[in-house]
Structures are given as structure tokens and as C-alpha cells.
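Observations on chain architecture
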Amino acid sequence: MKSGLPQNDPESAIKAWRKAFPILFLPVRGKRLAYLDNGATTQKPSTVIESLERYYGETNANVHRGVHDLSERATAAYEQARAGMADFIGASAPEEIIFTRGTTEAINLVAWSYGELLNPGDEVLISALEHHSNIVPWQMLRDRRGITLKVVPITREGDINPDDFSSALSEKTALVALAHVSNALGTVNPIADMIAQAHAQGAVVLIDGAQAVAHMPVEVQKLDCDFYAFSGHKMYGPTGIGVLYGKSSLLERMPPWQGGGDMIRTVEFERSTYAPPPYKFEAGTPHIAGAIGMGKAAEYIRQVGFAPIMEHETILLDYALQQLQSLEFIRLIGTPQVRSGAISFIVTDVHPHDVGTILDHHGVAIRAGHHCAMPVMQFYQVPATVRASFALYNNHEDVDQLIDSLQQVREMFG
Ligand code: ALA
């Protein structure tokens, strides 16, 4: 890994990163934009934006089908993006990378396909801090195949209780599905240890990496997870594209989950045979431009380097936490042991949606709501929270703008 921020002039490095994102320099409601809604989606660097324009302007054709030059070039670019994503997360081969519409579709793919290999009585284990995307597909599987869905509780701080996790595992556990980083609380789960424990019981493990891949290096072979799901748009890439990583040995055994073009070997009216992975799981024309843009986003992240990204984001998160804690009218929701990316909080006596609307008028973009994690809200007995979530281009000025605007909220509501 590259070394961290340049010690002599970290501010210039961050200024240079910001320059790559044109949208950051457009005023919002006549104010300087402080974009702190990166957990929902990140902004895109020029290299990603240009790659989409170049693809549609110079290369556009369908993949894996044509015999003409454009189709060959589109196919090469799409497959190069796949290889790039394999490299980005340390997969052993490009064939272990399936392009999906995003994390949600990737998790549904596993639930619908690997789920077919599960039997009534098998247990699927999730945690109480999961995003709806890592809850609902397993409820649907439970209702379809009679599996048992078990939920490991979290502590007041917002960590998965390690003892509860260990004791929830048994020889009945067929699959464990966990967030790498909680989108609502920012909790970083100790997934390497959890994966090892699950494997010791013979379970396969799916990790929802949507909130992790832009913030920390992920090495799927080192983690030894069986599946890892993530989205392009939360890592500076386009929307509508994501990745499911799966170990080849599992992908080979799994049935296809959608039928159509590109996923077959032969089709007769009596029966069809299927292409090998990853194509078996990519029915229909894929989001070619999206995959290429996602590949560019991964290149961008690697070029900046995770060491400086992590150093900068840690400094910024600590600063934001310290500033928020200094306001007596703010209550933090979740104080996990290890945090990445997001801070959730409540402004005393003001609904998060009202906070969000006022902040918006000060140019501060945050998310207010249940963050697709209603069980987390139920646990903390709040209808919603305000969430500030960070990316590599955020700076101290963004945090100061957030804090000043929160003070305005307090003044307005008395
Ligand atoms: N999952 C996204 C979020 O946390 C949309 O905001």
C-alpha cells in the first residue's frame, strides 16, 4: 500500500483530490456545497464521467455477440473492467466477478440461486444492523424454502455482540450474511474473525461491502469470504452497476437465477444448458458502460491510494465527532468501537427531516430517514436519524459548514 497523506502539505493533496470532482464546485441553493451524503451515493471524478462519454461516443455496441469491430472492442472493454474489479478486491480470477445492478441485486442473486441449495431447517444468520437489502431477500428465502432466519443482536454502542454471534452459530448455520460496514451507524464489523468462526461451523459467508469498498482495501482471498457484494455508485462509479464476487467452486454449483440471452450454452424447447460462470448469472445485455465506468472508478481509487484515503477520512471523522459532541443538542446514535464513513445523530426535539431540509438550504447535503435500516431505528427507538457520511473529497470546511448549519437549526427551533 502507498504511504499516507503527504506530511508537509496534506491540505494541497485534498484540494487536488477535490478538483477531480466537478460537481463539488457547483453552488447548491446559492451556497457552497458540502456534500455529506456519500453513504447514499458518491460523486464521480472526471475520469469516470469521461469514460462513459467515450464509451458511448466511440465504442458502443453489444458484447459477446457481434462479429464486428465495435462489438469486439466493447467486449474487450467490458471484460477488462471485470478483470480490473477482480484485481481491485483480490479475487483469484475475473470469472469470480459477476456484474449486477448493485449490491441489492448481488445479494438477491445469492438468495435466489445459492438459496436453492438450502433445505428446510437450514439456518441463515444475519445481524441487527443490516440494511434492508441484507434482510428482505433472506425473509423471502425463508418463506420460499422453509429456512430459519436468525438475527444476532447489537449492543447499545452499535456493535454486533461477539458472544451472541459465536453462540448463534451452530452446525445448522448454512449461510451467514453480514455488512462489512453498517450504512446507518458506521460500525466496521470484525469480519475476518466472523468469517473464520462461520467457516468453522461449515457455513458459507456473504459480506455486504457496499459501505466498505471506497474506504478500505478489501482482499477477498485473504478474508476468505465466499461472496462479497458491492455497488459502483458508492465507490465513485456509475449507478446501476455492482459486483457479486463468488468463489468459483460455489458459482459452479449454483443454478442460474434469471434466464435469457448470454447466460446459455444451448436452447431447445425441451431443455436448455447454461454457460459457465460468470455468464450463467448475467442474463440479457449488461450495463456495459456502467461496468467500464466502475472499472475506471476502481482505477481512480487505487491511484489515490487507500493509505492516504484512510488517514484523511479518519482525521475528518474524528474532527466531525468531536465537533458534534461539543453541541449539547446533538445525540449520537451509535458509538461503535471501529467506525468508517458515517455518523448518525439526532437534534433534540427536531425531526431529522426538518433538520435535513434546513441543512439543504445551507448547502449541506445529508441523509435524513431510516437509511433502509428500520430495525436499527427500532432498536434505538427513533423514527429516523440525520446521517453525515464522508468520502475522500470532504474536508474540514464541510464539517464546519455542517456544524454552523446545525447551530442555525437550533436557533430556528429555539
Ligand atoms: N444504501 C444507501 C444509504 O445508506 C442508499 O443511503
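This is a predicted model, so every value here is computed, not measured. (Residues numbered from 1 in each chain as written. Predicted model: local features only at pLDDT ≥ 70, side-chain atom pairs only at ≥ 80, totals over all residues. Heavy atoms only, no water.)

This structure, assessed with the given rule, holds 11 aromatic pairs. Both rings, one in Y236 and one in Y300, keep their centres 6.1 Å apart while their planes meet at 70 degrees; by these two values the pair is edge-to-face. Highlighted residues: Y236 in the loop between β7 (227–231) and β8 (242–246) and Y300 in helix α10 (residues 288–304), separated in sequence by 64 residues. Clustering of aromatic rings is evident, with ring pairs tying together F21, Y236, Y300 and Y393. Here the guanidinium or amino end of R144 rests over the ring plane of W112, the centre of that ring lying 3.6 Å away. Of note, R156 hangs over the ring of F379, and the distance from its end group to the ring centre comes to 5.2 Å. (Phe/Tyr/Trp six-rings, centres within 6.5 Å; stacked < 30°, edge-to-face > 60°. Helix = DSSP H or I, 4+ residues; strand = E, 2+ residues; numbered from the N terminus. Lys NZ or Arg CZ within 6 Å of the ring centre and 35° of its normal.)

Turning our eyes to something else, we now look at the pattern of salt bridges. This model, assessed by the stated rule, comprises 17 salt bridges. Notably, a salt bridge pairs K296 with E299, separated by 3.1 Å at the nearest N-O pair. Highlighted residues: K296 and E299, both in helix α10, separated by three residues, approximately one helical turn. Under the relative-accessibility criterion, E299 is labelled partly exposed at 46%. The network of salt bridges with common partners includes R18, R32, E397 and D398. (Salt bridge = Lys/Arg side-chain N within 4 Å of Asp/Glu carboxyl O. Buried < 20%, exposed > 50% of the residue type's maximum accessible area, 1.4 Å probe, protein only.)

Domain boundaries in the chain define domain 1 (10–44 + 305–413) and domain 2 (49–302). Look at where the C-alpha atoms of domain 1 and domain 2 centre, and you get two points 28 Å apart. Contact residues are listed per partner, giving 41 residues for domain 1 and 36 residues for domain 2. In this assembly, domain 1 packs against domain 2 so that about 3,000 Å² is buried in total across both faces, 56% of it on carbon and sulfur atoms. (Domains from an automatic or database assignment. Contact = heavy atoms within 4.5 Å. Buried area = accessible area lost by both parts, 1.4 Å probe.)

Let us look at the sheet that holds strand β12 (residues 342–347). Overall, antiparallel pairing links the four strands, which are arranged β11-β12-β15-β14 in an open sheet. Bordering the open sheet on either side are β11 (330–333) and β14 (367–369), each of which pairs with just one other strand. Taken pair by pair, the neighbouring strands of this sheet meet at an average axis angle of 35 degrees, ignoring direction. Of the strand pairs in this sheet, β12 and strand β15 (residues 385–389) are connected by four bridges, and their pairing is antiparallel. Counted as the bridge partner of F345 is V386 from β15. Packing of helix α11 (residues 306–325) onto the sheet brings it into contact with β11 and β12, and relative to β12 it is tilted by some 10 degrees. (Pairing = 2+ DSSP bridges. Axes fitted to C-alpha atoms, helices over the stretch in contact; angles between N-to-C directions.)

With that out of the way, let us pick up the site of the ligand. Around the ligand sit G39, A40, H131, N183, Q211, K234, R367 and R387, and those are all the residues in its vicinity. R367 is positioned such that a nitrogen or oxygen atom in its side chain is 2.4 Å from an oxygen atom of the ligand. R387 places a side-chain nitrogen or oxygen 2.7 Å from an oxygen atom of the ligand. Residues belonging to the shell around the ligand are distributed by class as follows: one nonpolar, four polar and three charged. Among the domains, domain 1 (10–44 + 305–413) and domain 2 (49–302) are the pair contributing at least three residues each to the shell around the ligand. (Near = heavy atom within 4 Å. Polar contact = N/O pair within 3.5 Å; in protein donor to acceptor, adjacent residues only side chain to side chain. Nonpolar A, V, L, I, M, F, W, Y, C, P; charged D, E, K, R; others polar.)

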